[in-house]
Amino acid sequence: MLGTSTTLLTNATPRAPTSILDPYADEALLNPWPLYRELREIGPVVWLEKYGMFALTGYDAVVKALRDWEAFPSSFGMNDDMNQLLRGNTLCSDGDAHSRLRRVVMRPVTPAALKSLKEEVEREAEAVVNRLCAKGRFCATGELATHLPVTIVSSAIGLPEEGRERMMEWSIGMFNCFGPMNERARSAMPVLSEMMHYAETQAVPGKLKPGSWAEAIHHAAAAGEVPSEAVPVMMIDYMGPSLDTTIFGISSGVWLFAKHPDQWDLVRNDPSLIPAAIDEILRMEAPVQGFSRYVARDYDLDGFLLPEGSRAIVFYGAANRDPRQFPDPDRFDIRRSNAGRHMAFGAGPHGCLGVNLAKLEMRSLFMALAQKVKRFHVEAEERVLNNILRGFSKLIVTVE
Ligand code: HEM
(Lines give C-alpha, C1' and ligand atoms only; values in the text may rest on other atoms or scores of the structure.)
Protein backbone atom coordinates (compact mmCIF):
# COMPACT_ATOMS: atom_id res chain seq x y z
CA MET A 1 0.00 0.00 0.00
CA LEU A 2 1.03 3.61 -0.13
CA GLY A 3 2.36 3.98 3.43
CA THR A 4 0.76 5.42 6.54
CA SER A 5 1.88 7.38 9.57
CA THR A 6 -0.74 7.75 12.23
CA THR A 7 0.02 10.20 15.03
CA LEU A 8 -2.10 12.38 17.24
CA LEU A 9 -1.33 16.10 17.12
CA THR A 10 -1.02 17.64 20.55
CA ASN A 11 -3.06 20.66 21.81
CA ALA A 12 -6.31 20.76 23.78
CA THR A 13 -9.16 18.84 22.13
CA PRO A 14 -7.86 15.85 20.24
CA ARG A 15 -6.99 16.78 16.73
CA ALA A 16 -7.42 14.30 13.96
CA PRO A 17 -4.86 11.59 13.23
CA THR A 18 -2.53 12.45 10.39
CA SER A 19 -1.54 10.43 7.37
CA ILE A 20 0.90 10.62 4.50
CA LEU A 21 -1.54 8.82 2.19
CA ASP A 22 -2.11 10.68 -1.06
CA PRO A 23 -5.58 10.32 -2.61
CA TYR A 24 -4.42 12.30 -5.67
CA ALA A 25 -1.48 10.08 -6.62
CA ASP A 26 -2.05 8.36 -9.98
CA GLU A 27 -2.28 4.89 -8.48
CA ALA A 28 -4.85 6.09 -5.92
CA LEU A 29 -6.96 7.77 -8.58
CA LEU A 30 -6.95 4.59 -10.62
CA ASN A 31 -7.89 2.42 -7.65
CA PRO A 32 -8.98 4.57 -4.67
CA TRP A 33 -10.80 1.88 -2.69
CA PRO A 34 -7.87 0.46 -0.62
CA LEU A 35 -6.78 4.00 0.25
CA TYR A 36 -10.27 5.04 1.30
CA ARG A 37 -10.50 1.93 3.44
CA GLU A 38 -7.20 2.73 5.11
CA LEU A 39 -8.23 6.33 5.79
CA ARG A 40 -11.57 5.22 7.22
CA GLU A 41 -9.79 2.79 9.49
CA ILE A 42 -7.46 5.54 10.76
CA GLY A 43 -10.41 7.67 11.84
CA PRO A 44 -13.58 9.51 10.85
CA VAL A 45 -11.42 12.50 9.97
CA VAL A 46 -7.75 12.36 8.96
CA TRP A 47 -5.29 15.19 8.37
CA LEU A 48 -3.61 14.71 4.98
CA GLU A 49 -0.07 15.92 5.52
CA LYS A 50 0.68 16.36 1.87
CA TYR A 51 -2.20 18.74 1.24
CA GLY A 52 -2.78 20.35 4.64
CA MET A 53 -6.45 19.40 4.53
CA PHE A 54 -8.72 17.00 6.36
CA ALA A 55 -10.16 13.96 4.61
CA LEU A 56 -13.67 12.80 5.44
CA THR A 57 -14.24 9.27 4.20
CA GLY A 58 -16.90 7.78 6.51
CA TYR A 59 -20.53 7.99 5.45
CA ASP A 60 -21.73 9.74 8.62
CA ALA A 61 -18.93 12.32 8.60
CA VAL A 62 -19.57 13.12 4.93
CA VAL A 63 -23.30 13.56 5.50
CA LYS A 64 -22.72 15.79 8.55
CA ALA A 65 -20.39 18.11 6.65
CA LEU A 66 -22.62 18.33 3.58
CA ARG A 67 -25.75 19.12 5.57
CA ASP A 68 -24.24 21.80 7.82
CA TRP A 69 -23.44 24.57 5.34
CA GLU A 70 -22.89 27.17 8.07
CA ALA A 71 -20.06 25.16 9.64
CA PHE A 72 -18.88 23.84 6.24
CA PRO A 73 -19.54 26.49 3.59
CA SER A 74 -18.88 25.64 -0.03
CA SER A 75 -17.78 29.11 -1.17
CA PHE A 76 -14.08 28.41 -0.67
CA GLY A 77 -12.90 25.52 -2.80
CA MET A 78 -9.79 23.46 -2.43
CA ASN A 79 -7.46 26.09 -3.82
CA ASP A 80 -7.40 29.87 -4.00
CA ASP A 81 -6.85 30.24 -7.76
CA MET A 82 -10.00 28.31 -8.53
CA ASN A 83 -11.88 30.31 -5.91
CA GLN A 84 -10.99 33.53 -7.63
CA LEU A 85 -12.17 32.32 -11.02
CA LEU A 86 -15.45 30.71 -9.99
CA ARG A 87 -16.37 32.75 -6.91
CA GLY A 88 -20.12 33.32 -6.86
CA ASN A 89 -21.32 30.42 -9.00
CA THR A 90 -23.86 28.04 -7.51
CA LEU A 91 -21.44 25.49 -6.09
CA CYS A 92 -19.16 28.25 -4.78
CA SER A 93 -21.76 30.28 -2.87
CA ASP A 94 -23.78 29.78 0.30
CA GLY A 95 -26.90 30.80 2.17
CA ASP A 96 -29.42 33.16 0.56
CA ALA A 97 -27.13 34.07 -2.34
CA HIS A 98 -26.79 30.36 -3.14
CA SER A 99 -30.55 29.71 -2.91
CA ARG A 100 -31.26 32.53 -5.39
CA LEU A 101 -28.82 31.18 -7.97
CA ARG A 102 -29.86 27.58 -7.46
CA ARG A 103 -33.55 28.37 -8.00
CA VAL A 104 -32.75 29.82 -11.43
CA VAL A 105 -30.22 27.21 -12.59
CA MET A 106 -32.49 24.39 -11.48
CA ARG A 107 -35.62 25.58 -13.29
CA PRO A 108 -35.15 23.67 -16.57
CA VAL A 109 -34.06 20.45 -14.88
CA THR A 110 -36.85 19.87 -12.37
CA PRO A 111 -38.90 16.69 -12.97
CA ALA A 112 -41.79 18.82 -14.28
CA ALA A 113 -39.60 20.80 -16.69
CA LEU A 114 -37.86 17.68 -17.96
CA LYS A 115 -41.14 16.21 -19.21
CA SER A 116 -40.66 18.18 -22.42
CA LEU A 117 -37.22 16.58 -22.99
CA LYS A 118 -38.15 13.04 -21.98
CA GLU A 119 -39.47 11.83 -25.33
CA GLU A 120 -36.55 13.26 -27.27
CA VAL A 121 -34.03 11.72 -24.86
CA GLU A 122 -35.70 8.31 -25.09
CA ARG A 123 -35.89 8.47 -28.88
CA GLU A 124 -32.23 9.44 -29.22
CA ALA A 125 -31.20 6.76 -26.71
CA GLU A 126 -32.95 4.10 -28.76
CA ALA A 127 -31.46 5.41 -32.00
CA VAL A 128 -27.88 5.46 -30.74
CA VAL A 129 -28.21 2.02 -29.14
CA ASN A 130 -29.63 0.56 -32.37
CA ARG A 131 -26.86 2.11 -34.42
CA LEU A 132 -24.05 0.92 -32.12
CA CYS A 133 -25.48 -2.56 -31.65
CA ALA A 134 -25.61 -2.94 -35.42
CA LYS A 135 -21.86 -2.20 -35.45
CA GLY A 136 -21.29 -4.72 -32.67
CA ARG A 137 -18.11 -3.02 -31.39
CA PHE A 138 -17.92 0.54 -30.07
CA CYS A 139 -16.50 2.85 -27.42
CA ALA A 140 -18.94 2.96 -24.52
CA THR A 141 -17.56 6.36 -23.51
CA GLY A 142 -16.88 8.16 -26.80
CA GLU A 143 -19.74 6.80 -28.87
CA LEU A 144 -22.43 5.63 -26.46
CA ALA A 145 -22.25 7.68 -23.23
CA THR A 146 -21.26 10.93 -24.88
CA HIS A 147 -24.17 10.99 -27.30
CA LEU A 148 -27.05 12.32 -25.16
CA PRO A 149 -25.05 14.91 -23.20
CA VAL A 150 -23.35 16.43 -26.25
CA THR A 151 -26.41 16.42 -28.48
CA ILE A 152 -29.58 16.98 -26.45
CA VAL A 153 -28.16 18.52 -23.28
CA SER A 154 -25.69 20.89 -24.88
CA SER A 155 -28.34 21.98 -27.39
CA ALA A 156 -30.81 22.66 -24.55
CA ILE A 157 -28.17 24.77 -22.80
CA GLY A 158 -28.05 26.71 -26.06
CA LEU A 159 -24.49 28.01 -26.28
CA PRO A 160 -23.25 29.22 -29.67
CA GLU A 161 -22.08 26.43 -31.96
CA GLU A 162 -18.63 27.94 -32.34
CA GLY A 163 -16.39 26.89 -29.48
CA ARG A 164 -18.85 24.34 -28.18
CA GLU A 165 -16.61 21.50 -29.34
CA ARG A 166 -14.28 22.56 -26.50
CA MET A 167 -16.91 21.81 -23.85
CA MET A 168 -15.58 18.37 -22.96
CA GLU A 169 -12.07 19.65 -22.50
CA TRP A 170 -13.31 22.59 -20.43
CA SER A 171 -15.35 20.32 -18.22
CA ILE A 172 -12.47 17.91 -17.56
CA GLY A 173 -10.16 20.86 -16.91
CA MET A 174 -12.63 22.54 -14.59
CA PHE A 175 -12.86 19.43 -12.45
CA ASN A 176 -9.07 19.22 -12.22
CA CYS A 177 -9.08 22.80 -10.93
CA PHE A 178 -11.47 21.81 -8.14
CA GLY A 179 -8.72 19.61 -6.69
CA PRO A 180 -5.69 20.53 -4.61
CA MET A 181 -3.13 22.74 -6.38
CA ASN A 182 -1.13 19.86 -7.85
CA GLU A 183 0.28 19.60 -11.36
CA ARG A 184 -3.08 18.44 -12.75
CA ALA A 185 -4.81 21.53 -11.34
CA ARG A 186 -2.01 23.88 -12.33
CA SER A 187 -1.96 22.78 -15.94
CA ALA A 188 -5.77 23.01 -16.18
CA MET A 189 -5.96 26.62 -14.94
CA PRO A 190 -5.55 28.10 -18.44
CA VAL A 191 -8.37 25.80 -19.65
CA LEU A 192 -10.65 27.14 -16.91
CA SER A 193 -9.71 30.71 -17.85
CA GLU A 194 -10.55 29.94 -21.48
CA MET A 195 -13.92 28.53 -20.39
CA MET A 196 -14.65 31.65 -18.35
CA HIS A 197 -13.66 33.86 -21.28
CA TYR A 198 -16.10 31.96 -23.51
CA ALA A 199 -18.86 32.34 -20.90
CA GLU A 200 -18.20 36.09 -20.66
CA THR A 201 -17.91 36.81 -24.39
CA GLN A 202 -20.02 34.16 -26.16
CA ALA A 203 -22.75 33.14 -23.72
CA VAL A 204 -24.36 36.53 -24.17
CA PRO A 205 -27.76 37.73 -25.42
CA GLY A 206 -28.04 37.59 -29.20
CA LYS A 207 -25.64 34.63 -29.46
CA LEU A 208 -27.68 32.12 -27.45
CA LYS A 209 -30.36 29.78 -28.74
CA PRO A 210 -33.77 31.36 -28.15
CA GLY A 211 -35.63 29.64 -25.32
CA SER A 212 -32.46 27.94 -24.07
CA TRP A 213 -31.36 27.42 -20.47
CA ALA A 214 -28.46 29.85 -20.91
CA GLU A 215 -30.79 32.54 -22.23
CA ALA A 216 -33.08 32.02 -19.23
CA ILE A 217 -30.16 32.96 -16.94
CA HIS A 218 -29.93 36.35 -18.68
CA HIS A 219 -33.70 36.78 -18.35
CA ALA A 220 -33.46 36.02 -14.62
CA ALA A 221 -30.72 38.66 -14.24
CA ALA A 222 -32.83 41.20 -16.19
CA ALA A 223 -35.76 40.44 -13.88
CA GLY A 224 -33.54 41.05 -10.83
CA GLU A 225 -33.69 37.44 -9.64
CA VAL A 226 -29.90 37.11 -9.68
CA PRO A 227 -27.12 39.72 -9.87
CA SER A 228 -26.03 40.40 -13.45
CA GLU A 229 -22.35 39.95 -12.53
CA ALA A 230 -23.18 36.34 -11.56
CA VAL A 231 -24.35 35.44 -15.09
CA PRO A 232 -21.00 34.24 -16.55
CA VAL A 233 -20.20 32.03 -13.57
CA MET A 234 -23.74 30.67 -13.63
CA MET A 235 -23.10 29.53 -17.22
CA ILE A 236 -20.37 27.33 -15.73
CA ASP A 237 -23.08 25.59 -13.68
CA TYR A 238 -24.31 24.10 -16.95
CA MET A 239 -21.08 23.98 -18.94
CA GLY A 240 -19.04 22.24 -16.23
CA PRO A 241 -21.03 19.51 -14.56
CA SER A 242 -23.61 18.47 -17.15
CA LEU A 243 -21.43 16.37 -19.46
CA ASP A 244 -18.59 14.26 -18.06
CA THR A 245 -20.40 13.36 -14.85
CA THR A 246 -23.21 11.66 -16.74
CA ILE A 247 -20.90 10.28 -19.41
CA PHE A 248 -18.76 8.59 -16.77
CA GLY A 249 -21.83 7.29 -14.94
CA ILE A 250 -23.07 5.62 -18.14
CA SER A 251 -19.79 4.06 -19.20
CA SER A 252 -19.04 2.86 -15.65
CA GLY A 253 -22.44 1.15 -15.78
CA VAL A 254 -21.53 -0.67 -18.99
CA TRP A 255 -18.18 -1.70 -17.44
CA LEU A 256 -19.88 -3.02 -14.29
CA PHE A 257 -22.44 -4.98 -16.30
CA ALA A 258 -19.67 -6.45 -18.47
CA LYS A 259 -17.89 -7.62 -15.30
CA HIS A 260 -21.11 -8.86 -13.68
CA PRO A 261 -23.23 -10.58 -16.34
CA ASP A 262 -25.51 -12.05 -13.65
CA GLN A 263 -26.55 -8.50 -12.73
CA TRP A 264 -27.18 -7.66 -16.39
CA ASP A 265 -29.37 -10.75 -16.68
CA LEU A 266 -31.47 -9.44 -13.80
CA VAL A 267 -31.95 -6.15 -15.66
CA ARG A 268 -32.77 -7.84 -18.96
CA ASN A 269 -35.35 -10.06 -17.31
CA ASP A 270 -36.90 -7.21 -15.36
CA PRO A 271 -36.16 -3.69 -16.70
CA SER A 272 -38.12 -2.20 -13.79
CA LEU A 273 -34.86 -2.80 -11.85
CA ILE A 274 -33.08 -0.16 -13.94
CA PRO A 275 -33.61 2.82 -11.57
CA ALA A 276 -32.19 0.76 -8.67
CA ALA A 277 -29.35 -0.43 -10.90
CA ILE A 278 -28.46 3.19 -11.72
CA ASP A 279 -28.19 4.02 -8.02
CA GLU A 280 -25.98 0.99 -7.48
CA ILE A 281 -23.73 1.97 -10.42
CA LEU A 282 -23.35 5.48 -8.99
CA ARG A 283 -22.74 4.11 -5.51
CA MET A 284 -19.98 1.83 -6.75
CA GLU A 285 -18.35 4.22 -9.21
CA ALA A 286 -19.25 7.78 -8.14
CA PRO A 287 -18.30 9.96 -11.15
CA VAL A 288 -17.52 12.84 -8.76
CA GLN A 289 -15.24 11.39 -6.07
CA GLY A 290 -14.89 14.40 -3.81
CA PHE A 291 -15.20 18.14 -3.35
CA SER A 292 -14.04 20.30 -0.50
CA ARG A 293 -15.58 22.46 2.19
CA TYR A 294 -14.16 25.29 4.27
CA VAL A 295 -14.34 24.92 8.06
CA ALA A 296 -15.99 28.16 9.20
CA ARG A 297 -15.79 27.54 12.94
CA ASP A 298 -14.07 25.12 15.28
CA TYR A 299 -16.00 21.91 14.78
CA ASP A 300 -16.06 18.75 16.82
CA LEU A 301 -16.45 15.86 14.42
CA ASP A 302 -16.94 12.65 16.35
CA GLY A 303 -14.55 13.81 19.07
CA PHE A 304 -11.90 15.37 16.80
CA LEU A 305 -11.33 19.08 16.37
CA LEU A 306 -11.47 20.63 12.94
CA PRO A 307 -10.12 24.13 13.55
CA GLU A 308 -11.75 27.19 12.02
CA GLY A 309 -10.03 28.20 8.81
CA SER A 310 -9.04 24.69 7.76
CA ARG A 311 -10.38 22.78 4.77
CA ALA A 312 -11.96 19.37 4.53
CA ILE A 313 -12.21 17.11 1.51
CA VAL A 314 -15.52 15.32 1.41
CA PHE A 315 -15.08 11.99 -0.38
CA TYR A 316 -18.45 10.91 -1.77
CA GLY A 317 -16.81 7.88 -3.39
CA ALA A 318 -15.46 6.70 -0.03
CA ALA A 319 -18.74 7.28 1.81
CA ASN A 320 -20.37 5.05 -0.80
CA ARG A 321 -18.08 2.18 0.16
CA ASP A 322 -18.43 2.58 3.93
CA PRO A 323 -19.25 -0.93 5.18
CA ARG A 324 -21.15 0.49 8.17
CA GLN A 325 -23.63 1.93 5.70
CA PHE A 326 -23.40 -0.55 2.81
CA PRO A 327 -22.57 -4.08 3.96
CA ASP A 328 -20.08 -5.84 1.68
CA PRO A 329 -19.59 -2.50 -0.08
CA ASP A 330 -17.38 -3.72 -2.93
CA ARG A 331 -20.07 -6.08 -4.18
CA PHE A 332 -22.11 -4.79 -7.16
CA ASP A 333 -25.65 -5.77 -6.31
CA ILE A 334 -28.48 -3.97 -8.08
CA ARG A 335 -31.00 -5.37 -5.59
CA ARG A 336 -29.45 -3.61 -2.60
CA SER A 337 -32.31 -1.99 -0.77
CA ASN A 338 -30.23 0.96 0.45
CA ALA A 339 -28.23 1.85 -2.67
CA GLY A 340 -30.43 4.94 -3.15
CA ARG A 341 -28.83 6.45 -0.05
CA HIS A 342 -25.50 6.83 -1.82
CA MET A 343 -23.62 10.13 -1.85
CA ALA A 344 -22.79 10.27 -5.57
CA PHE A 345 -24.96 13.36 -5.95
CA GLY A 346 -23.85 14.85 -2.62
CA ALA A 347 -26.41 15.91 -0.05
CA GLY A 348 -27.69 19.02 1.71
CA PRO A 349 -28.14 22.43 0.10
CA HIS A 350 -25.55 21.80 -2.65
CA GLY A 351 -26.79 18.33 -3.58
CA CYS A 352 -26.69 17.90 -7.36
CA LEU A 353 -29.44 19.88 -9.05
CA GLY A 354 -28.99 17.92 -12.29
CA VAL A 355 -29.87 14.58 -10.71
CA ASN A 356 -33.16 14.17 -12.58
CA LEU A 357 -31.59 14.95 -15.92
CA ALA A 358 -28.67 12.59 -15.30
CA LYS A 359 -31.02 9.80 -14.25
CA LEU A 360 -33.28 10.39 -17.25
CA GLU A 361 -30.31 10.01 -19.61
CA MET A 362 -28.98 6.92 -17.84
CA ARG A 363 -32.40 5.30 -17.58
CA SER A 364 -33.20 5.83 -21.25
CA LEU A 365 -29.91 4.34 -22.41
CA PHE A 366 -30.00 1.30 -20.14
CA MET A 367 -33.67 0.67 -21.08
CA ALA A 368 -32.68 0.65 -24.75
CA LEU A 369 -29.61 -1.51 -24.08
CA ALA A 370 -31.68 -4.03 -22.09
CA GLN A 371 -33.84 -4.62 -25.19
CA LYS A 372 -30.87 -5.24 -27.45
CA VAL A 373 -27.80 -6.50 -25.61
CA LYS A 374 -27.34 -9.93 -24.10
CA ARG A 375 -23.70 -9.50 -23.08
CA PHE A 376 -21.07 -6.75 -22.98
CA HIS A 377 -17.40 -7.76 -23.39
CA VAL A 378 -14.67 -5.26 -22.57
CA GLU A 379 -11.90 -5.25 -25.17
CA ALA A 380 -9.89 -2.25 -24.01
CA GLU A 381 -10.19 0.33 -21.25
CA GLU A 382 -8.43 3.48 -20.18
CA ARG A 383 -9.30 5.50 -17.11
CA VAL A 384 -9.22 9.27 -16.88
CA LEU A 385 -6.73 10.67 -14.38
CA ASN A 386 -8.60 13.61 -12.88
CA ASN A 387 -8.51 15.27 -9.44
CA ILE A 388 -12.26 14.92 -9.02
CA LEU A 389 -13.76 12.71 -11.73
CA ARG A 390 -13.69 8.94 -12.02
CA GLY A 391 -14.50 7.29 -15.32
CA PHE A 392 -13.23 5.99 -18.61
CA SER A 393 -11.66 8.02 -21.41
CA LYS A 394 -11.88 4.85 -23.51
CA LEU A 395 -13.98 1.73 -23.04
CA ILE A 396 -14.10 -0.46 -26.13
CA VAL A 397 -16.78 -3.12 -25.90
CA THR A 398 -18.28 -5.75 -28.15
CA VAL A 399 -21.90 -6.72 -27.66
CA GLU A 400 -23.81 -9.95 -28.22
C1 HEM B 1 -24.31 11.24 -12.95
C2 HEM B 1 -24.23 12.54 -13.13
C3 HEM B 1 -23.91 13.55 -12.06
C4 HEM B 1 -23.25 13.37 -10.88
C5 HEM B 1 -22.64 12.10 -10.31
C6 HEM B 1 -23.21 14.67 -10.22
C7 HEM B 1 -22.64 14.90 -8.98
C8 HEM B 1 -22.70 16.10 -8.30
C9 HEM B 1 -22.15 16.33 -7.00
C10 HEM B 1 -21.40 15.30 -6.16
C11 HEM B 1 -22.40 17.63 -6.67
C12 HEM B 1 -21.94 18.37 -5.44
C13 HEM B 1 -22.87 18.20 -4.31
C14 HEM B 1 -22.32 18.82 -3.07
O15 HEM B 1 -21.37 19.61 -3.10
O16 HEM B 1 -22.84 18.44 -2.05
C17 HEM B 1 -23.11 18.22 -7.78
C18 HEM B 1 -23.52 19.52 -7.82
C19 HEM B 1 -24.04 20.11 -8.95
N20 HEM B 1 -24.40 19.48 -10.13
FE21 HEM B 1 -24.24 17.53 -10.52
N22 HEM B 1 -23.83 15.58 -11.02
C23 HEM B 1 -24.29 14.95 -12.14
C24 HEM B 1 -24.98 15.51 -13.19
C25 HEM B 1 -25.28 16.85 -13.32
C26 HEM B 1 -25.96 17.43 -14.44
C27 HEM B 1 -26.50 16.67 -15.65
C28 HEM B 1 -26.03 18.77 -14.21
C29 HEM B 1 -26.63 19.79 -15.13
C30 HEM B 1 -27.64 20.50 -14.90
C31 HEM B 1 -25.42 19.02 -12.90
C32 HEM B 1 -25.30 20.25 -12.29
C33 HEM B 1 -24.84 20.45 -11.00
C34 HEM B 1 -24.77 21.76 -10.35
C35 HEM B 1 -25.14 23.09 -10.97
C36 HEM B 1 -24.29 21.55 -9.07
C37 HEM B 1 -24.08 22.57 -7.95
C38 HEM B 1 -25.33 22.59 -7.07
C39 HEM B 1 -25.26 23.53 -5.90
O40 HEM B 1 -24.16 23.95 -5.52
O41 HEM B 1 -26.33 23.88 -5.37
N42 HEM B 1 -24.97 17.83 -12.41
N43 HEM B 1 -23.29 17.26 -8.76
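In the block above lies the structure referred to throughout.
Criteria and cut-off values
Residues numbered from 1 in each chain as written. Predicted model: local features only at pLDDT ≥ 70, side-chain atom pairs only at ≥ 80, totals over all residues. Heavy atoms only, no water. Helix = DSSP H or I, 4+ residues; strand = E, 2+ residues; numbered from the N terminus. Buried < 20%, exposed > 50% of the residue type's maximum accessible area, 1.4 Å probe, protein only. Contact = heavy atoms within 4.5 Å. Areas by Shrake-Rupley, 256 points an atom, 1.4 Å probe, with all protein chains shown as cover. Lys, Arg positive; Asp, Glu negative; His and termini not counted. Charge placed at Lys NZ, Arg CZ, Asp CG, Glu CD. Pairing = 2+ DSSP bridges. Near = heavy atom within 4 Å. Polar contact = N/O pair within 3.5 Å; in protein donor to acceptor, adjacent residues only side chain to side chain. 1 Å grid on protein atoms, 1.4 Å probe; cavity = no way out; pocket = protein on both sides within 12 Å on 5 of 7 lines; lining within 4 Å. Sits in = over half its atoms within 2 Å of the grid points. Nonpolar A, V, L, I, M, F, W, Y, C, P; charged D, E, K, R; others polar. Donors = N, O, S within 2.8 Å, 3.2 Å for Na, K, Ca; no water. Phe/Tyr/Trp six-rings, centres within 6.5 Å; stacked < 30°, edge-to-face > 60°. Points joined across faces, edges and corners; volume = space filled by probe spheres on them. Core = buried A, V, L, I, M, F, W, Y, C linked by side-chain atoms within 4.5 Å.

Participant: Sorry if this is basic, but what is going on with the overall build of the protein here?
Facilitator: Secondary structure summary: the protein contains 17 helices and 10 strands in total. In terms of its C-alpha atoms, the protein occupies a principal-axis envelope of roughly 65 × 55 × 35 Å. The buried share of the protein, reckoned over its 400 residues, is 60%. Here the analysis covers contacts within the protein between residues at least 6 apart in sequence; of these, 71% occur between residues at least 24 apart. Of the roughly 15900 Å² that the protein leaves accessible, carbon and sulfur atoms contribute 51%. Positive and negative charge centroids in the protein, built from 43 and 50 side chains respectively, lie 4 Å apart.

Participant: Could you clarify how one ought to interpret the pairing of strand β5 (residues 290–294) in this entry?
Facilitator: Two faces belong to every sheet, and in a regular strand the side chains alternate between them. Burial of β5 is extensive: 4 of the 5 residues sit out of reach of the surface. Relative to strand β8 (residues 311–315), β5 runs antiparallel, the two being bridged by 5 bridges. Within β8, the position partnered with arginine 293 by the bridge is alanine 312.

Participant: Explanation requested: the site of the ligand in the structure shown.
Facilitator: Close to the ligand lie 27 residues, the nearest being His98, Arg102, Arg293, His350 and Cys352. Between the ligand and the protein, one listed contact pairs an oxygen atom with a backbone N or O atom of threonine 90 at 3.4 Å. Between the ligand and arginine 102 there is a distance of 2.7 Å, counted from an oxygen atom to a side-chain nitrogen or oxygen. Assessed atom by atom at 2 Å from the grid points, the ligand resides in the largest cavity. Those elements that provide at least two residues to the shell around the ligand are α5 (95–106), α13 (244–259), β5 and α17 (355–372). A per-class count over the shell around the ligand returns 15 nonpolar, 9 polar and 3 charged.

Participant: Mind showing me how you'd approach helix α12 (residues 231–239) here?
Facilitator: Each turn of an α-helix holds 3.6 residues, which means side chains three or four residues apart point in the same direction. For α12, the tally of buried residues reaches 9 of 9 residues, placing the bulk of the element in the interior. Here α12 has its buried residues at Val231, Pro232, Val233, Met234, Met235, Ile236, Asp237, Tyr238 and Met239. Contacts from the buried residues of α12 go to α4 (80–86), α5, α8 (147–157), α9 (167–177), α10 (183–201) and α11 (213–222).

Participant: I tried to follow the coordination of the iron atom of the ligand on my own but got confused; where do I start?
Facilitator: Perfect tetrahedral coordination of a metal by four donors corresponds to 109.5 degrees between them, and perfect octahedral coordination by six donors corresponds to 90 or 180 degrees. Just one protein atom donates to the iron atom of the ligand; it is Cys352 (SG), sitting 2.3 Å from the metal. Mapping cysteine 352 onto the fold places it in the loop between α16 (316–319) and α17.

Participant: How do you make sense of the packing of aromatic side chains when you look at a structure like this?
Facilitator: In this structure the tally under the stated criterion is 19 aromatic pairs. Seen from their ring centres, phenylalanine 257 and phenylalanine 332 are 5.5 Å apart, and the 65° between their planes marks the pair as edge-to-face. Taken as a pair, phenylalanine 257 in helix α13 and phenylalanine 332 in the loop between α16 and α17 lie far apart in primary sequence, 75 residues in all. The exposure class assigned to phenylalanine 257 is buried, which follows from its relative accessible area of 3%.

Participant: Sorry, what's going on with empty space enclosed by the protein here?
Facilitator: Vacant regions in the atomic arrangement are exposed by a probe of water-molecule size rolled over the atoms. Inspection of every chain in the model, using the stated rule, returns 3 cavities of 30 Å³ or more. One number sums up the size of the largest cavity: a volume of about 680 Å³. Around the largest cavity, the lining is made up of 38 residues, and of these Pro241, Thr245, Cys352, Leu353 and Gly354 lie nearest the centre. Residue assignment for the lining of the largest cavity shows that the elements contributing at least two residues are α5, α9, α12, α13, β5 and α17. Of all the elements, α17 adds the most residues to the lining of the largest cavity, at 4 residues.

Participant: What exactly am I supposed to notice about the environment of arginine 15 here?
Facilitator: Of note, arginine 15 is situated in the segment before β1 (18–19). Spatially, the C-alpha atoms of arginine 15 and leucine 305 are 4.9 Å apart, while their sequence positions differ by 290 residues.

Participant: When you look at unusual backbone geometry in this model, what are you seeing that I'm missing?
Facilitator: If a residue is not glycine, its phi is most likely negative; likewise, a peptide bond is most likely trans. Even without being a glycine, aspartate 302 presents a positive backbone phi close to 50°. Residue placement: aspartate 302 occurs in the loop between β6 (299–301) and β7 (304–306). Overall, the relative accessible area of 41% leaves aspartate 302 in the partly exposed class. Phi at aspartate 328 takes a positive value of approximately 50°, unusual for a residue other than glycine. Along the chain, aspartate 328 falls in the loop between α16 and α17.

Participant: How do you make sense of the nonpolar core when you look at a structure like this?
Facilitator: Nonpolar side chains tend toward joint burial in soluble globular proteins. Grouped together as the largest cluster of nonpolar side chains are 143 residues, with contacts concentrated most on Leu86, Leu144, Phe178 and Phe257. Broken down by element, this core gets its largest block of residues, 10 residues, from α17. Not counting the four nearest positions on each side in its chain, phenylalanine 257 is found in contact with Gln263, Trp264, Val267, Ala277, Ile281, Phe332, Ile334, Phe366 and Phe376.

Participant: Explain the pairing of strand β10 (residues 392–399) here, please?
Facilitator: Within β10, 6 of the 8 residues are buried, which leaves it mostly tucked inside the rest of the structure. The sheet contact formed by strand β9 (residues 376–383) and β10 spans 7 bridges and is antiparallel. Note that in β10 the partner of glutamate 382 across the bridge is lysine 394.

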